Amino acid sequence: MGLISRWCWVLMLACAGASAEAEMVRRRWGKAPKESPSQRAERPQAKPPTAYVAKTQAAPKVDGDLADEVWTKATVLRLERTLDGSAGAAQPTEVRLLRDEANLYVACRCSEPLMNRLTARTAGHDADVWGDDSLELFIGPGRGYYHFAVNPVGATYDARVKDRGWNSGFRSAAAKGVREWTAEMAIPLGAMAAGETPTEWIANFNRNRRTSGALQESAWSPTYSGDSHVPARFGKLLFQPPPPEPPAPERPVVKKDEVTILPAEDGEGVVRFDLSALPRGAGIHRAELLVFRSALVSGADDAGSVDIEVYPLFEEFGGGKPAVSAAPLALRGPWFDRFDATEAVRKWGAGKPNGGFYVKVCPYWNPEGTCLDVAYEGKPDQVPPQVSGLKVLHRAGQTFITFNEVQPLITAEKTTWGEIKKALAEAKAACSYRIYAHAEPISADNLHQAELLGEVGPLSAYNVNARNKEYLIGQAMIESDEIGELAEDFNGRMHQWHMDSPRMDRYPVQRFVIDERAGALPVGTGLYVHHPGSAGRRYYAMVCVRDGVENTKDISEANALRSPVDETVGTGVPVRQGKGLWGPYFDYPGTRWVYVQWCAPPLSPRPNMYFNWSVLIPPKVQGKAPAELYFHPDGYSYAQPGKKMLLGSIQIAPHDYPPSGWYGFNDACGTLKSFKSGTVGDHTQRRIVAFLDWAQKELPIDPDRIMAVGADGAAGLALSFPDVFACVRITGFDEGVLNARAAGVYADAWGPKSPQIKDGKGRGDWAWADLDKLALEQTTDLPLFMCAGPSWGRVAGYAKGRGRFYSAMQEARQPLQAGWGWSGAGNLGGIDRYTGEWRGRVISRDMPIPAVANSTRDRDAEDSGLAGGGYSWRDLKEEADSFSVTLIGRE
């Protein structure tokens with residue numbers, strides 16, 4: 001999931017309003033899309049679709065080029081949903097169908113902004129084509145369906161159900177364009193119809209997209225599972241002429257809800273709003289242009305590096321090339337998800353011609369979804385019901401704002417992720433809520449002077465990011481869904497589950513705890529957590545908004561404070577939510593707790609973000625205990641670290657969600673900014689260090705005995721904050737930015753690897769993730785790195801085992817003990833899990849560690865090797881001006 005999908009609310013800053021005391025009206029021109037391309041709320045399982053296959057007298061030429069005139073008369077299908085039905089397709093895919101007496105003709109057009117990352121390793125016939133970027137077709141006269149596939153270089157596959165020994169003799173060709181790839185197939189009907197004229201067949205069309213690093217599957221008829229072979233969920237193909245289509249609307253002008261959309265030369269188009277409903281002479285407090293896209297755009301997409309350009313027009317526009325006389329609209333911070341249109345609307349209100357907004361550049365612009373929000377002087381009417389029950393609690397630099405939702409979508413005490421998704425998807429006109437702050441008590445007369453902090457949607461008090469696949473695995477081990485489920489494919493099936501798997505619908509979602517003494521927030525409560533930028537006394541108010549219309553009329557003590565809140569500046573403290581998982585694979589001695597850490601910049605890219613943690617406290621802790629900080633691969637979970645090195649340690653596991661590569665995010669994530677204009681911050685690393693600082697004060701942790709355990713994330717944090725750790729236990733490297741799959745995930749958060757995109761230290765080309773360079777740049781002693789497995793950076797020019805990281809550590813004279821293979825790993829020696837000793841001494845930050853390089857004991861082979869010699873030692877003495885040790889080689 002790029003990161004637009006992962007910010008669950010939209011927030012904005014206020015613009016200065018008029019000085020006069022008057023009520024404020026806020027309304028919207030246009031209608032925003034109900035579901036953004038990134039929204040994960042699942043629609044109810046729709047009835048499988050039906051399509052009619054057009055008949056042709058002239059067969060298309062099967063060459064991969066869809067320019068044949070005959071394709072303009074074909075049946076057109078679009079793959080608009082993911083295979084599991086949980087979201088919109090990542091990129092548009094179009095399938096066209098024709099038939100004659102002998103063949104079914106299939107053409108596909110797959111939009112692809114990352115053409116340079118197409119995966120097409122398969123060649124020839126009947127290989128696993130679906131492992132590439134590919135299109136699959138499932139079709140047949142009944143449950144005995146047939147399976148066809150093609151990839152961007154024309155590799156093919158056909159089978160009867162899953163029997164690839166069956167051959168149809170179909171023909172196929174593919175071609176690559178600038179921003180798409182295409183394919184054509186001619187499939188003999190006789191191979192499937194057994195001499196019968198086809199009338200009604202089942203069918204489905206699936207696309208496998210791999211350019212973003214993770215598999216993205218879309219389908220014509222979602223199977224609502226991770227399995228393509230679900231004939232009961234296939235659609236229908238009717239081999240008969242389609243019914244007459246309703247007349248198409250006139251183009252190019254589209255009018256809807258006081259909005260006119262016109263085509264424009266050298267641009268995407270012009271959108272004009274009829275502002276005649278604005279009272280004459282009314283003061284304009286602020287105006288914001290909301291721009292939406294029809295496809296998800298992340299840092300991994302080329303479109304994510306394009307600057308959106310929108311210009312106000314002050315001359316009448318009827319077509320052609322717009323006359324631009326003003327600067328482009330600026331994005332409004334700190335959310336940068338909408339444009340500041342205040343001056344344009346003020347000028348139009350003062351008599352300037354309203355030419356609309358010229359959208360010159362905006363990849364995947366959704367013109368019909370464009371909206372204009374205007375706040376102006378006037379008497380509000382026809383407003384939604386108002387918020388009640390406002391409460392504000394400040395603690396350690398964080399202000400917790402709670403309120404009673406209007407007509408809450410969920411009223412049951414217990415709920416699941418599936419029920420939450422369904423409630424969001426089926427909500428017709430759900431309310432959202434806007435938070436204002438002011439130095440004086442807020443009223444309807446001065447609301448326009450208050451600072452608009454942000455907006456939250458419905459169900460904001462539910463910890464939906466806490467869901468984890470370990471819960472699914474534990475439940476399946478207690479009671480599986482089907483006989484033999486675990487025995488059949490434990491690793492393959494269960495390790496494919498993820499936070500958005502259909503099976504995750506059963507996850508019991510808890511409401512947040514903000515005060516441990518009070519417990520979980522009541523049903524129907526909303527929540528926003530604010531980090532004040534300065535200390536002081538503030539008043540807060542919360543108002544309801546529906547379809548852009550705010551209730552700025554009903555301001556009372558029910559939704560506006562009459563006494564101020566004393567606030568301080570700080571990062572806040574984690575809040576314990578309750579006990580964590582217990583059961584199969586969760587049986588380490590002690591108590592596991594779940595904590596939530598609410599963050600704002602610099603610990604997160606956006607305000608009001610939260611992150612889950614698990615903390616295992618062993619029984620009968622006496623004094624201070626060592627702590628183990630665990631990094632899950634890819635940050636997929638926090639619930640259950642896979643290992644525990646020391647039985648008596650406090651075990652801490654963070655959650656890297658949305659995924660940040662365990663480093664941080666480009667500040668363009670979740671915004672309309674270009675990734676090339678953004679800076680990558682180290683939010684995740686700072687957040688983890690802040691949690692550890694708090695944990696050392698509140699938990700019985702020995703600050704000199706903190707161990708990081710994991711892969712690239714653990715190594716990167718220890719290289720950035722070496723003083724925090726006594727030891728780093730690397731259980732295997734992910735190859736970081738050198739791994740194509742991981743690089744796709746990182747690009748979602750960071751943007752493309754480029755010298756233009758820098759982090760806060762001015763480093764480009766993803767240098768913050770180059771572990772070998774980070775090791776060579778160290779100016780202080782690092783903690784001991786104990787590494788199992790071949791090194792990071794196994795590329796051409798380096799041996800397959802030693803790699804770049806081990807070479808860099810030894811060149812920098814940093815403490816390293818690394819081994820891989822049967823003989824190498826044994827030379828490392830294990831940490832005694834009862835005493836925490838290694839080489840006869842307890843590992844701590846003040847423990848002297850020899851760094852050994854150029855040892856004759858080092859071996860460098862793919863299947864077995866050592867770096868650092870694998871020595872043990874005795875008689876270690878360290879004084880102010882000398883150091884001595886006796887090294888002992890192990891066989």
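All residue numbers refer to positions counted from 1 along the written sequence of the respective chain. With the structure being a predicted model, the display of local features is reserved for residues of pLDDT at least 70 and the display and counting of side-chain atom pairs for 80 or more, all residues being used for whole-chain, interface and lining totals. For side-chain calculations, the full set of non-hydrogen atoms in the structure is used, while hydrogens and water are omitted.

Draft legend 1. Structural context of the overall build of the protein. Scanning the protein for helices and strands turns up 11 helices and 52 strands. Radius of gyration (C-alpha) of the protein: 30 Å, near the 29 Å computed for a compact globule of 891 residues. Projected onto its principal axes, the C-alpha positions of the protein cover 90 × 80 × 55 Å. Summary of the burial criterion: residues with accessible area below 20% of their type's maximum are buried, those above 50% are exposed, and those between are partly exposed, where the area comes from a 1.4 Å probe applied to protein chains only. Split into buried and exposed, the 891 residues of the protein put 57% on the buried side. Put simply, the protein shows about 37000 Å² of open surface, and 49% of that area lies on carbon and sulfur atoms. The numbering of helices and of strands both runs from the N terminus, where a helix is a DSSP run of H or I of at least 4 residues and a strand a run of E of at least 2. Just to be clear, the radius of gyration here is over C-alpha atoms, and the globule rule we use is 2.2 Å times residues to the power 0.38. Note on areas: these come from Shrake-Rupley sampling with a 1.4 Å probe, and a residue is covered only by the protein chains present in the view.

Draft legend 2. How the structure looks around unusual backbone geometry. Note the cis peptide between P601 and P602, where omega equals 10°. With respect to the element layout, P602 can be found in the loop between β38 (591–599) and β39 (609–617). Here the residue pair Y657 and P658 is connected by a cis peptide bond, since its omega of 0° sits within 30 degrees of zero. Looking at the element boundaries, P658 is found in the loop between β41 (650–654) and β42 (679–680). Non-glycine residue W766 carries a positive phi angle of around 60°.

Draft legend 3. Inspection of the packing of aromatic side chains at higher detail. In summary, the pairing rule links any two rings of Phe, Tyr or Trp, Trp by its six-membered ring, whose centres are within 6.5 Å, and it sorts them by plane angle into stacked for under 30 degrees, edge-to-face for over 60 and tilted for everything else. Enumeration according to the criterion identifies 34 aromatic pairs in this entry. Between F205 and W220, the aromatic rings sit 5.9 Å apart at their centres with planes inclined by 65°, giving edge-to-face as the arrangement. In this pair, F205 is assigned in strand β13 (residues 200–209) and W220 in the loop between β14 (216–219) and β15 (235–238), connecting sequence segments 15 residues apart. Each member of the pair F205 and W220 is classed as buried. Ring plane angle 15° and centroid distance 5.8 Å describe the contact between Y663 and W768, whose orientation is recorded as stacked. Taken together, the residues span a long stretch of sequence, with Y663 in the loop between β41 and β42 and W768 in the loop between β45 (758–759) and α9 (771–776) at a distance of 105 residues. On the basis of relative accessibility, which here comes to 5%, the residue Y663 falls in the buried class.

Draft legend 4. Molecular detail of the environment of P458. Turning to its location among the elements, P458 is positioned in the loop between β29 (451–456) and α4 (469–478). Judged by relative accessible area, P458 falls into the partly exposed class, the value being 24%. In what follows, residue pairs with any heavy atoms lying within 4.5 Å of each other are defined as contacts. Contacts of P458, omitting those with residues within four sequence positions, involve E405, L409, L424, A430 and C431.

Draft legend 5. Here's a closer look at the nonpolar core. Here, nonpolar core refers to any group of buried Ala, Val, Leu, Ile, Met, Phe, Trp, Tyr and Cys residues whose side-chain atoms link them within 4.5 Å. One finds I652, W750, F785 and F805 to be the most contacted residues of the largest nonpolar core, which totals 64 residues. Grouped together as the second largest cluster of nonpolar side chains are 33 residues, C110, A183, I187 and L189 included.

Draft legend 6. Broad picture of helix α10 (residues 803–811). Buried residues dominate α10, accounting for 7 of its 9 residues. Three or more residues of α10 are buried, namely G803, R804, F805, Y806, A808, M809 and Q810. Contacts from the buried residues of α10 go to α7 (712–720), α9, β46 (784–788), β47 (816–820) and β50 (864–867). Phi turns positive, to about 60°, at R813, one or two residues after α10.

Draft legend 7. Main features of the packing of helix α6 (residues 683–698) against α7. Running from N to C, α6 and α7 cross one another at 75°; their axes reach a closest spacing of 11 Å. On the basis of their axis angle, the class for α6 and α7 is roughly perpendicular. Taking contact as the criterion, the partners of Q685, I688 and V689 in α6 are, on α7, G716, L717 and S720. Residues belonging to the contact of α6 with α7 are distributed by class as follows: 3 nonpolar, 3 polar and no charged. What counts as an axis is a line fitted to C-alpha atoms, over the stretch in contact for a helix, and the angles between N-to-C directions run from 0 to 180 degrees. Angle categories: roughly parallel below 35 degrees, roughly antiparallel above 145, roughly perpendicular from 65 to 115, and oblique for all the rest. By the convention adopted, Pro, Cys, Tyr, Trp, Phe, Met, Ile, Leu, Val and Ala count as nonpolar, Lys, Arg, Asp and Glu as charged, and the other residues, Gly among them, as polar.

Draft legend 8. Highlighting the sheet that holds strand β1 (residues 24–29). Spatially, 5 strands are ordered β1-β24-β19-β22-β21 in an open sheet, and the strand pairing comes out antiparallel. Looking along the sheet, the strands with just one partner apiece sit at the ends: β1 and β21 (330–331). Relative to strand β24 (residues 371–377), β1 runs antiparallel, the two sharing 6 bridges. Within β24, the position partnered with M24 by the bridge is E377. Taken strand by strand, helix α2 (residues 342–349) contacts β19 (284–290), β22 (339–340) and β24, and its axis lies near 120° from that of β19. Only strands that DSSP links by at least two bridges are regarded as paired with each other.

Draft legend 9. Structural view of the side chain of R293. Inspection of the secondary structure assignment puts R293 in the loop between β19 and β20 (309–313). Any pair of nitrogen or oxygen atoms within 3.5 Å is treated as a polar contact; in protein, a donor-acceptor pairing is required on top of that, and neighbouring residues in sequence qualify only through side-chain atoms on both sides. Of the polar contacts made by the side chain of R293, one reaches the backbone oxygen of P363; its length is 3.2 Å.

Draft legend 10. The arrangement of the sheet that holds β41 in detail. Within the open sheet, the 10 strands sit side by side as β37-β38-β39-β41-β40-β43-β44-β46-β47-β50. Their pairing is mixed. Strands with a single pairing partner mark the edges of an open sheet, and in this sheet they are β37 (575–579) and β50. Across the sheet, the mean angle from the axis of one strand to that of its neighbour is 20°, orientation sign disregarded. Where β38 and β39 come together, 9 bridges link them in antiparallel fashion.

Draft legend 11. Representation of the confidence of the model for the protein. A residue's pLDDT is the predictor's confidence in that residue, given on a scale from 0 to 100. Mean pLDDT for the protein: 87, with 90% of residues reaching 70 or above. Below a pLDDT of 50 lies the segment residues 37–44, which in the model reaches 36 contacts outside its immediate sequence neighbourhood of four places, other chains included.

Draft legend 12. Spotlight on the pattern of salt bridges. One side-chain nitrogen of Lys or Arg within 4 Å of one carboxyl oxygen of Asp or Glu is enough to make a salt bridge. Tallied over the full model, the rule gives 36 salt bridges. The closest approach of N and O atoms between D128 and R164, which form a salt bridge, is 2.9 Å. Taken as a pair, D128 in the loop between β7 (103–111) and β8 (134–140) and R164 in the loop between β10 (156–160) and β11 (171–176) lie far apart in primary sequence, 36 residues in all. A relative accessible area of 39% places D128 in the partly exposed class. Its relative accessible area of 34% is what places R164 among the partly exposed residues. One network of salt bridges, in which partners are shared, links R26, R28, E288, R332, D337, R338, D340, D373, R434, E455 and E550.

Draft legend 13. Quick look at the side chain of T671. In this fold, T671 is placed in the loop between β41 and β42. By relative accessible area, which is 7% here, T671 ends up buried. There is a polar contact of 2.6 Å between the side chain of T671 and the backbone oxygen of A668. Among all residues touching T671, those that are not within four sequence positions of it are W335, F336 and R606.

Draft legend 14. View of the pairing of β11. Relative to strand β12 (residues 180–188), β11 runs antiparallel, the two sharing 6 bridges. Counterpart to A175 in the pairing with β12 is T182. Hairpin connection, β11 to β12: the antiparallel pair is bridged by 3 residues.

Draft legend 15. Structural view of the environment of P334. Structurally, the position occupied by P334 is in the loop between β21 and β22. The exposure class of P334 is partly exposed, given its relative accessible area of 33%. Sequence separation between P334 and L66 is 268 residues; the distance between their C-alpha atoms is 45 Å.

Draft legend 16. Geometry of the environment of I843. For I843, the location among the structural elements is in the loop between β49 (841–842) and β50. For I843, a relative accessible area of 8% gives the class buried. Those residues in contact with I843, other than ones at most four positions away along the chain, are D704, R705, A726, C727, M786, I831, G836 and W838.

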